[in-house]
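Chain by chain, the residues:
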Amino acid sequence: MRRTDRYPVDGPNSLWQVYRTIPRWKAVRNFIFIQISRYAPSLPLKLWIYRRVLGMKVGRHTSFALMVMVDVFFPERIEVGENTIIGYNSTILTHEYLIKEYRLGHVRIGSNVMIGANTTVLPGVTIGDGAIVGAGSVVHKDVAPYSFVAGNPLQVIRPDIREDDQA
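These numbers were taken from a predicted model, which means no experiment stands behind them.

Quick word on the pairing of strand β9 (residues 101-104)
Here four bridges tie strand β1 (residues 5-8) to β9, and the two strands are oriented antiparallel to one another. Residue pairing in the sheet places P8 in a bridge with E101 of β9. Looking at chain direction, strand β8 (residues 95-97) and β9 are connected through three bridges and run antiparallel. Paired with E96 across the strands is R103, a residue of β9.

Section: the nonpolar core
By size, the foremost hydrophobic cluster in this structure holds 39 residues, and its most contacted members are F64, V70, I109 and I127. The greatest single-element share of this core, amounting to four residues, is contributed by helix α2 (residues 43-53). Residues within four places of I109 in sequence aside, it is in contact with E79, V80, G81, T84, I86, I92, I115 and I127.

Some points on the sheet that holds strand β5 (residues 78-80)
Overall, parallel pairing links the four strands, which are arranged β2-β5-β10-β13 in an open sheet. Where the open sheet ends on each side, the last strands, each with one partner, are β2 (57-58) and β13 (126-127). Judged from the three bridges that link them, β5 and strand β10 (residues 107-109) form a sheet pairing that is parallel. Residue pairing for β10: I78 is matched across the bridge by V107.

Here's the deal with helix α1 (residues 24-39)
An ideal rise of 1.5 Å per residue puts 22 Å on 16 residues; α1 measures up with 23 Å between its terminal C-alpha atoms. The complete set of buried residues in α1 reads K26, A27, N30, I34, Q35, S37 and R38. The buried residues of α1 occupy an angular sector of 165° when projected down its axis, which confines them to one face. Structural note: α1 exposes R24, W25 and Y39 on the side pointing more than 90 degrees away from its buried face. At its buried positions, α1 is contacted by α2 and β4 (69-70).

Cut-offs and rules
- Sequence order sets the numbering: in each chain, residues are counted from 1 along the sequence as written.
- Restriction of local features to residues with pLDDT of at least 70 applies here, the model being predicted, together with a cutoff of 80 or more for giving and counting side-chain atom pairs; totals for whole chains, interfaces and linings are based on all residues.
- Hydrogens and water are ignored here; the side-chain numbers use all heavy atoms of the structure.
- Strands were regarded as paired on the criterion that DSSP finds at least two bridges between them.
- Going along the chain from the N terminus, every DSSP run of H or I of four or more residues is numbered as a helix, and every run of E of two or more is numbered as a strand.
- Nine residue types can take part in a nonpolar core, namely buried Ala, Val, Leu, Ile, Met, Phe, Trp, Tyr and Cys, and a core is a set of them joined through side-chain atoms within 4.5 Å.
- Note on exposure labels: buried denotes an accessible area under 20% of the residue type's maximum, exposed denotes more than 50%, and partly exposed covers the range between, all computed with a 1.4 Å probe on protein chains only.
- By definition in these notes, contact holds between two residues if any of their heavy atoms fall within 4.5 Å.
- What a helix is expected to span follows from its residue count: subtract one and scale by 1.5 Å.
- Starting at the helix axis, one direction is taken to each C-beta atom, and the arc is that of these directions.

Below is the structure:
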């Protein structure tokens, strides 16, 4: 189950009211720095932007591949452990703007996690240490540590990949 806080809105859909929830300058600043980090070939530069400019908590030796898109409005709600890889063109969201409400949630990604290319991580989920998320997945629920999950909807492929190491 995803953990999100819900905020009802009156009037037009919540995306039309986005600047009531976040200052314009923050959205513009974040957008510019996220675009720089999406194309930057330097991992240390990306980590500096994520930590110092966007306020994300990112562990040592974590790698964000080319074109990764982190949440523009609330990147400070993203935490990633050490030695994790976020695959090419993946998206990590901490917000959802809907018709009658918007929702915010933290995303916690553990250490030694592998997230395949073109994966979308939705707000309010936790991906446990050592987990593997297959390419093209939509992570709409928590992922247990050391499990291998994939797909849309997300399915558990192997509940504990450590058992494979013992064979």
